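# Residue-level structural notes
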Amino acid sequence: MRRTDGELILVWTVPVVAIVWISAFFLFPGFVHPMSPAMSADEVAAFYRDPGNVPRIRYSMILFNWFCVGLVPILMVLAVQMRRMAHRTPIFSYCVIGCAAGGPTLFLTANLFWIIAAFRPDRDPELTRMFNDLAWVTFTAGVPFLIAQSVFVAIAIYTDRQPRPVFRRWVAHFNLVVAAALVPAAFTALAHSGPFAWNGVLSFWVKNIAITAWIAVMTAVLVRAVSRRRGDDTAPAETTAEGLASAVPGDEATV
């Protein structure tokens, strides 16, 4: 195997992860039409007691757990590419690794709260609403790791002074735009309605679209970076072989 084979294999797991994410999103009845934080305890309890909702909640959260785990490989490939940038320190890649541990973990924790709320739907409505609040606020407001991750990636790209940098500068601009798009979601615990609420335009739709776009774009640029690295790994060997052949005495006479 080449040194980059493992990286390429991990990057190409992303389409499978994307299918899991899309399936979980449309399977969970609280996402297509996001639940409102203004719902009463009885309304929330009725949502979790609905026989048509209970299996969908449980299975969608199981799928969503695997989506969170599936994010780890692409983030590790990103950290490896950052190590190849022209920096005097690997600190930026370490920061991304740290953020990679936080973001998926928070999302997985939110999934557990949803599945716990559906585990005993006959419990007291106030307790069911508490678990529902825990799930939504954790899922929506847990974006600082994602924001920091995008900022670290952007800084690393801006300071990569190689003649042929690992990523083009527009990738840094894109990461800063994603980071800005995620900021409103951090304030979701302050609002029960409006664009900053967990079902609002900024905290739900803009945030999730930004995360989806980040995964799609970064997968594409990672495939390009890894493929280029594979080409660089084979080029020196071919050049050396050609050089040795031209250096063999009598070659020109024989030809």
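Please read these numbers as outputs of a predicted model, since none were measured by experiment.

What counts and how
Residues numbered from 1 in each chain as written. Predicted model: local features only at pLDDT ≥ 70, side-chain atom pairs only at ≥ 80, totals over all residues. Heavy atoms only, no water. Axes fitted to C-alpha atoms, helices over the stretch in contact; angles between N-to-C directions. Helix = DSSP H or I, 4+ residues; strand = E, 2+ residues; numbered from the N terminus. Parallel < 35°, antiparallel > 145°, perpendicular 65-115°, else oblique. Contact = heavy atoms within 4.5 Å. Nonpolar A, V, L, I, M, F, W, Y, C, P; charged D, E, K, R; others polar. pLDDT = per-residue confidence, 0-100. Patch = residues over 30% accessible without salt bridge, like charges linked within 9 Å, V, L, I, M, F, W, Y side chains within 5 Å. Areas by Shrake-Rupley, 256 points an atom, 1.4 Å probe, with all protein chains shown as cover. Salt bridge = Lys/Arg side-chain N within 4 Å of Asp/Glu carboxyl O. Buried < 20%, exposed > 50% of the residue type's maximum accessible area, 1.4 Å probe, protein only. Core = buried A, V, L, I, M, F, W, Y, C linked by side-chain atoms within 4.5 Å. Phe/Tyr/Trp six-rings, centres within 6.5 Å; stacked < 30°, edge-to-face > 60°. Lys NZ or Arg CZ within 6 Å of the ring centre and 35° of its normal.

### Observations regarding the packing of helix H4 (residues 41-49) against helix H7 (residues 125-141)
Interaxial distance between H4 and H7 falls to 8 Å at its minimum, and their mutual angle equals 80°. Taken together, H4 and H7 sit at an angle that is classed as roughly perpendicular. Contacts from Ala41, Asp42, Val44, Ala45, Tyr48 and Arg49 in H4 reach Pro125, Glu126, Thr128, Arg129 and Asn132 in H7. Among the residues making up the contact of H4 with H7, the classes are represented as five nonpolar, two polar and four charged.

### Observations regarding the confidence of the model for the protein chain
Mean pLDDT over the protein chain works out to 85, with 88% of the residues at or above the 70 mark. Averaged pLDDT values for the elements of the protein chain fall to 36 in helix H11 (residues 251-254) and rise to 96 in helix H9 (residues 169-182). In this model, residues 237-255 is a region of pLDDT below 50 whose contacts with residues beyond four sequence positions or in other chains number two contacts.

### Details of a nonpolar patch on the surface
Taken together, the side chains of Tyr59, Ile62, Trp66 and Val69 present a nonpolar region at the surface, about 460 Å² in accessible area. Considering the arrangement of structural elements, one finds tryptophan 66 in helix H5 (residues 54-83). With a relative accessible area of 57%, tryptophan 66 lands in the exposed category.

### Comments concerning the nonpolar core
Ranked by internal contacts, the top residues of the largest apolar core, which has 70 residues, are Phe31, Tyr48, Phe64, Leu78, Trp114 and Phe167. The contacts of tryptophan 114, once residues within four sequence positions are left out, are Phe28, Phe31, Tyr48, Ile57, Met61, Asn132, Ala135, Trp136 and Phe139.

### Things to note about the side chain of asparagine 208
Along the chain, asparagine 208 falls in helix H10 (residues 201-247). When neighbours within four sequence positions are excluded, asparagine 208 is seen to be in contact with Trp21 and Phe139.

### Quick look at the packing of aromatic side chains
Per the stated rule, a full pass over the model turns up 25 aromatic pairs. Note on phenylalanine 107 and phenylalanine 139: the rings are 5.5 Å apart at their centroids and 45° apart in plane angle, and the pair reads as tilted. Residue phenylalanine 107 is found in helix H6 (residues 91-119), and its partner phenylalanine 139 is found in helix H7; the two are separated by 32 residues along the sequence. For phenylalanine 139, a relative accessible area of 2% translates into the label buried. Positioned above the aromatic ring of phenylalanine 139, the side-chain terminus of lysine 207 is 3.7 Å from the ring centre.

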